[in-house]
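Results of the structural survey
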Amino acid sequence: MQKHFRAFRVEEHSDGPEDRPTYSTALIDRSTNDLPDGDVLIRVRYSSLNYKDALSAQGNKGVTRHYPHTPGIDACGEVVAEGGGFHAGDEVVVIGYDLGMDTDGGFGQYIRVPADWVCRLPEGLSRRESMIIGTAGFTAALCVEKLLQNGLEPGRGPILVSGATGGVGCYAVALLARLGFSVTALTGKADAEAFLKSLGADAVMDRADLNEENSRPMLKEQWAGAVDTVGGEILANTLKSLRYGGSVACCGLVASPAFKTTVLPFILRGINLLGVDSVNLPLWKKQQIWQQLARDWKIDTLESLATEIGLGELDAALRIVLAGGARGRYLLNLDLD
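Residues numbered from 1 in each chain as written. Predicted model: local features only at pLDDT ≥ 70, side-chain atom pairs only at ≥ 80, totals over all residues. Heavy atoms only, no water.

Moving on to the sheet that holds strand β13 (residues 272–275). Strands pair in a sheet through their backbones, by hydrogen bonds, and they do so in one of two ways: parallel or antiparallel. The strand order β10-β9-β8-β11-β12-β13 describes an open sheet built from six strands, whose pairing is parallel. Each edge of the open sheet carries a strand with a single partner, namely β10 (203–206) and β13. Within this sheet the neighbouring strands show an average axis-to-axis angle of 20 degrees, counted without direction. As paired elements, strand β11 (residues 223–228) and strand β12 (residues 242–250) share five bridges and run parallel to each other. Bridge assignment links Val 227 to a residue of β12, and that residue is Ala 249. Against the sheet, helix α2 (residues 127–149) contacts β11, β12 and β13, and its axis sits at roughly 150 degrees relative to β12. Packed on one face of the sheet, helix α3 (residues 167–178) meets β8 (159–161), β9 (183–187) and β11 and runs near 160 degrees to β8. (Pairing = 2+ DSSP bridges. Helix = DSSP H or I, 4+ residues; strand = E, 2+ residues; numbered from the N terminus. Axes fitted to C-alpha atoms, helices over the stretch in contact; angles between N-to-C directions. Contact = heavy atoms within 4.5 Å.)

So this is what it looks like as structure tokens:
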């Protein structure tokens, strides 16, 4: 049966200077008949804001090629009708794959997606909590898992987390602290120290200390490991200052996708650069990580990360995310207009 709903919509216009397109956003009424084909129709209750969503809303063709479009790479809610192995009322969560990129995403009250994109919401995690975590917290968990798989243990030295007030960074700080690590949070926000220490950071460091180009191939050994969300010079300097056998889990590029380094830290200190992807991760692995986030890796400070907004506040919040001004997680309540 056809259902009508509200959605945040990005439109492309061909009236820009030198024939460059411009983009506008609006809240519109849509029908489930307008949604793409798929196995599972989901009533979305919560989503969350990510840097990729902000890029999509600005018309970034590296994220979204086709407009008009509804962003939102995260969605949690309940299945509307039986299909794809799911029953009406099943609580589910969808992150990654093509959701919110070129498939209408979680910034609309309904989505329709393939069954092999859909995870069952694990026991111990509410819909709201799952979207405070969202892709950002999920990615942080993947980073921590990779570091642990590569020999990281508490007591081996401090762990650096860059972009620490952002979605991935703040969850990584809290999770690493929960697991017993000494965490140094790297941030450019001078007023963020109290917030980051409330999440469990032992120290807070100004990002300027690691953001200058340094021609030396190696620096003083400092970090047992790191979660890097920014790339650029910060990633280069972090690699140069890893302790012997240390690892960096790399998952972001908000500073730059490029960085300069040499092989010397790798061959003289045996360090590791670990790439982390949450988009195309196999569904079974996503389900496994969600189970872990609902149990042993569920942090006590989850609610303190969230700023809840409705659809009417979405445009302004996306601009803050794009400018790097967000602290913690923006939680989108789709029942609020």
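Another aspect to go through is the pattern of salt bridges. Side chains bearing opposite charge may pair, as long as their charged atoms lie close to each other. All chains considered together, the criterion is met by 22 salt bridges. Taking the shortest distance from any N to any O, the salt bridge between Asp 74 and Arg 329 comes out at 3.8 Å. Of this pair, Asp 74 sits in strand β4 (residues 74–79) while Arg 329 sits in strand β15 (residues 329–333), and the two are 255 residues apart along the sequence. Neither Asp 74 nor Arg 329 differs from the other in exposure class; each is buried. As a salt-bridge pair, Glu 221 and Arg 269 come within 3.9 Å of each other at their nearest N and O atoms. Of this pair, Glu 221 sits in the loop between β10 and β11 while Arg 269 sits in helix α6 (residues 264–269), placing them 48 residues apart in sequence. Judged by its relative accessible area of 39%, Glu 221 is partly exposed. Each of the salt bridges in this network shares a partner with another, and the network as a whole consists of Arg 43, Arg 45, Glu 78, Glu 91, Arg 127 and Asp 335. (Salt bridge = Lys/Arg side-chain N within 4 Å of Asp/Glu carboxyl O. Buried < 20%, exposed > 50% of the residue type's maximum accessible area, 1.4 Å probe, protein only.)

This part covers unusual backbone geometry. Looking along the chain, the bond that leaves Tyr 67 and enters Pro 68 is cis, with omega of 5 degrees. Relative to the assigned elements, Pro 68 resides in the loop between α1 (51–57) and β4. Of note, the phi angle at Tyr 97 is positive, near 50 degrees, even though the residue is not glycine. Within the element layout of this structure, Tyr 97 appears in the loop between β5 (91–95) and β6 (110–113).

In this structure, the largest pocket occupies an estimated 1300 Å³ of space. Lining the largest pocket are 48 residues, and of these Tyr 51, Thr 229, Gly 252, Leu 253 and Val 254 sit closest to its centre. Where the lining of the largest pocket is concerned, the elements lending two or more residues are α1, α2, α3, β9, α8 (314–322) and β15. Its residues assigned to classes, the lining of the largest pocket shows 24 nonpolar, 19 polar and five charged. What the second largest pocket holds in volume is close to 150 Å³. Taken together, Leu 147, Asn 150, Gly 151, Leu 152, Arg 156, Ala 224, Arg 243, Tyr 244, Gly 245, Gly 246 and Ser 247 form the lining of the second largest pocket. The dominant element in the lining of the second largest pocket, judged by the number of residues it contributes, is β12, at five residues. (1 Å grid on protein atoms, 1.4 Å probe; cavity = no way out; pocket = protein on both sides within 12 Å on 5 of 7 lines; lining within 4 Å. Points joined across faces, edges and corners; volume = space filled by probe spheres on them. Nonpolar A, V, L, I, M, F, W, Y, C, P; charged D, E, K, R; others polar.)

What follows covers the side chain of His 69. Counting through the fold element by element, His 69 comes out in the loop between α1 and β4. With relative accessibility at 1%, the residue His 69 sits in the buried group. There is a polar contact of 2.9 Å between the side chain of His 69 and the backbone oxygen of Gly 100. Setting aside its immediate chain neighbours within four residues, His 69 contacts Phe 8, Arg 9, Val 10, Ser 56, Thr 64, Gly 100, Met 101, Asp 102, Thr 103 and Asp 104. (Polar contact = N/O pair within 3.5 Å; in protein donor to acceptor, adjacent residues only side chain to side chain.)

Moving on, we come to the state of the cysteines. All told, the structure shown has zero disulfides when counted by the stated rule. Cys 76 forms no disulfide, and the closest cysteine sulfur to it belongs to Cys 119, at a distance of 10 Å. Relative accessible area serves as the criterion here: at 0%, Cys 76 is assigned to the buried category. Sulfur of Cys 170: no disulfide; nearest cysteine sulfur belongs to Cys 251 and is 12 Å away. (Disulfide = S-S within 2.5 Å.)

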